[in-house]
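Here is how the chains run, residue by residue.
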Amino acid sequence: MALKDAKSGTRHETGITAALAVLKQSFGERFQTGEAFRAQHAHTTTYIPAQLPDGVLFAENADDVKAAVKVCAEHKVPVIGFGTGSSLEGQVNAPNGGISIDFSRMNRVLEVNAEDLDCTVEPGVTREELNTYLRDTGLFFPIDPGANASIGGMTSTRASGTNAVRYGTMKDNVLAVTAVTANGEEIRTARRARKSSAGYDMTRLFVGAEGTLGILTSVTLRLQGIPQKIGGGVCAFPTVRAACDAVIMTIQMGIPVARIELLDALQIRACNAYSKLNYEETPTLFLEFHGTDETVALQSEQFAEIASECGGGAFSWTVNAEERSRLWKARHDAYWASRALAPELAALSTDVCVPISRLADCIGETQIDIEEHGLLAMIVGHAGDGNFHVLLLFDDKTEEGIAAAEAFVGRLNARALAMDGTCTGEHGIGQGKMAFLEEELGGTVELMRQVKKALDPDDIFNPGKIFHRT
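Residues numbered from 1 in each chain as written. Predicted model: local features only at pLDDT ≥ 70, side-chain atom pairs only at ≥ 80, totals over all residues. Heavy atoms only, no water.

## A closer look at the overall build of the chain
Logical step 1: Within the chain, the regular secondary structure consists of 17 helices and 18 strands.
Logical step 2: For 470 residues, the compact-globule estimate of 2.2 N^0.38 gives 23 Å, and the C-alpha radius of gyration of the chain, at 22 Å, lies within 12% of that figure.
Logical step 3: With the C-alpha coordinates aligned to their principal axes, the bounding extent of the chain is approximately 65 × 55 × 40 Å.
Logical step 4: Across the 470 residues that make up the chain, the buried fraction comes to 56%.
Logical step 5: Long-range contacts, defined as pairs at least 24 residues apart, comprise 72% of the intrachain contacts of the chain with a sequence gap of at least 6.
Logical step 6: Surface accessibility of the chain: about 19,300 Å² in total, with carbon and sulfur atoms responsible for 50%.
Logical step 7: The chain carries 43 positive and 61 negative side-chain charges, and their two centres are separated by 5 Å. (Helix = DSSP H or I, 4+ residues; strand = E, 2+ residues; numbered from the N terminus. Rg over C-alpha atoms; globule rule 2.2 N^0.38 Å. Buried < 20%, exposed > 50% of the residue type's maximum accessible area, 1.4 Å probe, protein only. Contact = heavy atoms within 4.5 Å. Areas by Shrake-Rupley, 256 points an atom, 1.4 Å probe, with all protein chains shown as cover. Lys, Arg positive; Asp, Glu negative; His and termini not counted. Charge placed at Lys NZ, Arg CZ, Asp CG, Glu CD.)

Structure follows, in structure tokens:
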């Protein structure tokens, strides 16, 4: 991560002034320019500085989005989509000024096709809202990034999370999108069929584009049946490598684990204090199995044998829903638990992903790095797919503190890339990871620039993210 990549760009002052006037006249109180509204729609979740938009539109339907994009395109004013603001790499910042389109009012479930296991939703629907709506159908949407993110935001960042090891990421679960393009027209990238050979895969182009190619107005999602039985539990290990070895063996043996999360010793200490738990303060795996009574029991027994072989302790598991909820709430509260260890410090949450066979090596070397440089940092891993996060607590009031944090992130990303991994498994590039994208993909980044220029010639869609236009 480098603050230099969060630099402000060129503002088109004349166009911004004209667009603000038109949008205010068109939308009235649904278009706000007050500083409080603008500050709420800029980056707030890590130390990347907030860069405020010039106005915020609370869109209520696709026609609102089309009208706003047409105005902004005419005056060459940036447009940034905003779901819940939970992104971590500066994706919602407005470095060139412009308009933020807030989707909180576009939160309708448009269609559920229970027989086909799919649904279509507006981008402002959050994953928790969607699963509450689906509960009576016997279906659920499995992607769980931890935060109660919006479906539009999750699609735009190609999010994943704790269930990815079994159910995949957003790229595996988005069947189609509708999006407003630079001419203000709405396009549909695919039909609901489960497979298609019809032309370019435009859906995948928009999934993970971070709002740089257009503004999503609906998303069609793949759904899953709610499992008959869910079992979850925890298992402590003497070392991170021992825990990683158990993860690798579990995946390689084909045990269909739904979630397998790694928390290092310091993270467990933080969770114990914050969530009033009493887990042994040692590297720990949190697991969940989905299936029938018989398969959940069998999978739990199989994992217990693997854990024992790798030096782990007893695998304590339960099918009690309340106990499982408490277990996973502690996992999802890991960020706040970590912040509570040193509330006077800033937090930087970063992630990398490596092939599963290199997970133990990458985490082990990262722990050595943290210790050698005297850093305060916790590791949490979506271990089943080789993805792990480091939450670094540091002094953002001094140049030395910021330099140490950025140097660590640089070493972490270099380490992951050297192991044929990626600089981000699920946070996306935004502003914070730009420095590592070209190292990872080389000339492919130039191809991305050409695609961006073709679809967004005036660079109005979320400029200053993923890469800088040249």
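## A word on the pairing of strand β14 (residues 284–291)
Logical step 1: Where burial is concerned, most of β14 is hidden: eight out of the eight residues are buried.
Logical step 2: Of the two faces of β14, the one lined by Thr284, Phe286, Glu288 and His290 and the one lined by Leu285, Leu287, Phe289 and Gly291 are each fully buried.
Logical step 3: The pairing of strand β12 (residues 229–236) with β14 spans eight bridges and is classified as antiparallel. Each bridged residue has a counterpart across the sheet, and for Gly232 the counterpart in β14 is Glu288.
Logical step 4: Here six bridges tie strand β13 (residues 257–263) to β14, and the two strands are oriented antiparallel to one another. Directly across from Leu262, in β14, lies its bridge partner Leu285. (Pairing = 2+ DSSP bridges.)

## What about helix α11 (residues 293–309)?
Logical step 1: Over its 17 residues, α11 runs 25 Å from end to end, which matches the ideal 24 Å to within 8%, given 1.5 Å per residue.
Logical step 2: Of all the residues in α11, the buried ones are Val296, Gln299, Ser300, Phe303, Ile306 and Ala307. Viewed end-on, α11 has its buried residues packed into an arc of 125 degrees, placing them on one side of the element. Along α11, the residues that are exposed and aim more than 90 degrees away from the buried face are Glu294, Glu305, Ser308 and Glu309.
Logical step 3: Check the buried side of α11 and you find it contacts β12, α9 (240–252), β13, β14 and β15 (316–318). (Expected span 1.5 Å × (residues − 1). Arc of directions from axis to C-beta.)

## Here's the deal with the sheet that holds β13
Logical step 1: Across the sheet, which stays open at both edges, the seven strands sit in the order β15-β12-β14-β13-β17-β18-β16 with antiparallel pairing between neighbours. Each edge of the open sheet carries a strand with a single partner, namely β15 and β16 (346–353). With strand direction ignored, the average angle separating the axes of adjacent strands in the sheet is 15 degrees.
Logical step 2: Here helix α10 (residues 265–275) sits on the sheet in contact with β13, β14 and β17 (376–382), set at roughly 95 degrees to β17. (Axes fitted to C-alpha atoms, helices over the stretch in contact; angles between N-to-C directions.)

## What about the domain arrangement of the chain?
Logical step 1: When the domains of the chain are assigned, the result is domain 1 (2–104 + 450–455), domain 2 (109–225) and domain 3 (229–419).
Logical step 2: Between the C-alpha centres of domain 2 and domain 3 the distance comes to 27 Å.
Logical step 3: The partner domain 3 presents twelve residues to the nine residues of domain 2 that form the contact.
Logical step 4: Counting the surface lost from both domain 2 and domain 3, the interface buries some 940 Å², and carbon and sulfur atoms represent 52% of this.
Logical step 5: For the domain 2 face of the interface with domain 3, the top three residues by lost area are Thr162, Val165 and Arg166, together amounting to 58%.
Logical step 6: At the boundary of domain 2 and domain 3, one finds one salt bridge.
Logical step 7: Counting across the interface, domain 2 meets domain 3 through seven residue pairs in polar contact (both at pLDDT 80 or more). (Domains from an automatic or database assignment. Buried area = accessible area lost by both parts, 1.4 Å probe. Salt bridge = Lys/Arg side-chain N within 4 Å of Asp/Glu carboxyl O. Polar contact = N/O pair within 3.5 Å; in protein donor to acceptor, adjacent residues only side chain to side chain.)

## Let's talk about the UniProt feature "domain: FAD-binding PCMH-type" (unreviewed entry) in the chain
Logical step 1: Mapped onto the present numbering, the UniProt feature "domain: FAD-binding PCMH-type" (unreviewed entry) falls on residues 49–226.
Logical step 2: Annotated as residues 49–226, this span is 24% helix and 24% strand, and its ends, taken at the C-alpha atoms, are 41 Å apart. (UniProt positions renumbered as here; feature names shortened; annotations may be inferred.)

## Digging into the environment of Ala236
Logical step 1: By secondary structure assignment, the location of Ala236 is in strand β12.
Logical step 2: When the C-alpha positions of Ala236 and Thr424 are compared, they lie 27 Å apart, and in sequence the two are 188 residues distant.
Logical step 3: In this structure Ala236 touches Glu280, Thr282, Pro283, Thr284, Gly312 and Gly313, once residues within four positions along its chain are discounted.

## Here's the deal with unusual backbone geometry
Logical step 1: At Leu117, a residue that is not glycine, the phi angle is positive and equals roughly 60 degrees.
Logical step 2: Mapped onto the elements of the fold, Leu117 is located in the loop between β5 (109–113) and β6 (118–121).
Logical step 3: Given the relative accessible area of 33%, Leu117 is considered partly exposed.
Logical step 4: Look at Asn462: it is not a glycine, yet its phi comes out positive at around 45 degrees.
Logical step 5: The buried category is assigned to Asn462, whose relative accessible area is 3%.

## Brief notes about the sheet that holds β5
Sheet strands line up and pair through hydrogen bonds in the backbone, either parallel or antiparallel.
Logical step 1: Spatially, five strands are ordered β5-β6-β10-β8-β9 in an open sheet, and the strand pairing comes out antiparallel. Every interior strand has two partners, whereas the edge strands, β5 and β9 (186–188), have only one. Within the sheet, the average angular offset between the axes of one strand and its neighbour, ignoring direction, is 15 degrees.
Logical step 2: Judged from the six bridges that link them, strand β8 (residues 174–180) and strand β10 (residues 215–222) form a sheet pairing that is antiparallel. What sits directly across from Val180, in β10, is Ile215.

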